[in-house]
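As a plain string of letters, each chain reads:
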Amino acid sequence: MPGKICPRCNQYTFFETTNGRKCTKCGYTMTVPANDGKGGRGQKCSNCGQFTVFNNKCRSCGAIYQ
């Protein structure tokens, strides 16, 4: 079963882990903290699907891209 699309390598290899998501092809990681953040308009988040990614952090779900 394919994962979500990876923001770095654009492949369906972005799988959910215990604390976020990780790409099995390029090793790109995303950490999701326990608390929720504020919304806005930015790049699309691979975790929640909202256009709320600013400065490598999603303001909607709080995911941090590394």
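Residues numbered from 1 in each chain as written. Predicted model: local features only at pLDDT ≥ 70, side-chain atom pairs only at ≥ 80, totals over all residues. Heavy atoms only, no water.

**A word on the nonpolar core**
For soluble globular proteins, nonpolar side chains are generally found buried alongside one another.
Phase 1: Cys6, Phe14, Cys23, Tyr28, Met30, Cys45, Val53, Cys58, Cys61, Ala63 and Tyr65 form the largest nonpolar core, which has 11 residues in total.
Phase 2: Discounting residues that sit within four places of it in the chain, Cys45 has contacts with Gln50, Val53, Cys58, Cys61, Ala63 and Tyr65. (Core = buried A, V, L, I, M, F, W, Y, C linked by side-chain atoms within 4.5 Å. Buried < 20%, exposed > 50% of the residue type's maximum accessible area, 1.4 Å probe, protein only. Contact = heavy atoms within 4.5 Å.)

**Focus on the pairing of strand β1 (residues 14–17)**
Each regular strand displays side chains that alternate between the two surfaces of the sheet.
Phase 1: Bridging between β1 and strand β2 (residues 20–23) involves four bridges; their strand directions are antiparallel. Counterpart to Phe15 in the pairing with β2 is Lys22.
Phase 2: What sits between the antiparallel neighbours β1 and β2 is a turn of two residues. (Pairing = 2+ DSSP bridges. Helix = DSSP H or I, 4+ residues; strand = E, 2+ residues; numbered from the N terminus.)

**Quick word on unusual backbone geometry**
Phase 1: One non-glycine residue, Asn10, lies in the positive phi region at around 55 degrees.
Phase 2: With phi around 65 degrees, Asn56 is a residue other than glycine that occupies positive phi space.
Phase 3: Here Asn56 lies in the loop between β4 (53–54) and β5 (57–58).

**Focus: the environment of Tyr28**
Phase 1: As for its placement among the helices and strands, Tyr28 is situated in the loop between β2 and β3 (29–31).
Phase 2: With a relative accessible area of 11%, Tyr28 lands in the buried category.
Phase 3: Between the alpha carbons of Tyr28 and Gln66 there is a distance of 6.7 Å; along the sequence they are 38 residues apart.
Phase 4: Here Tyr28 is in contact with Cys6, Pro7, Arg8, Phe14, Arg21, Lys22, Cys23, Tyr65 and Gln66, once residues within four sequence places are set aside.

**Topic: the pattern of salt bridges**
Two side chains carrying opposite charge are able to pair once their charged atoms lie near each other.
Phase 1: All chains considered together, the criterion is met by one salt bridge.
Phase 2: With a closest N to O distance of 3.9 Å, Glu16 and Arg21 form a salt bridge.
Phase 3: For Glu16, a relative accessible area of 62% translates into the label exposed.
Phase 4: Since its relative accessible area comes to 8%, Arg21 is described here as buried. (Salt bridge = Lys/Arg side-chain N within 4 Å of Asp/Glu carboxyl O.)

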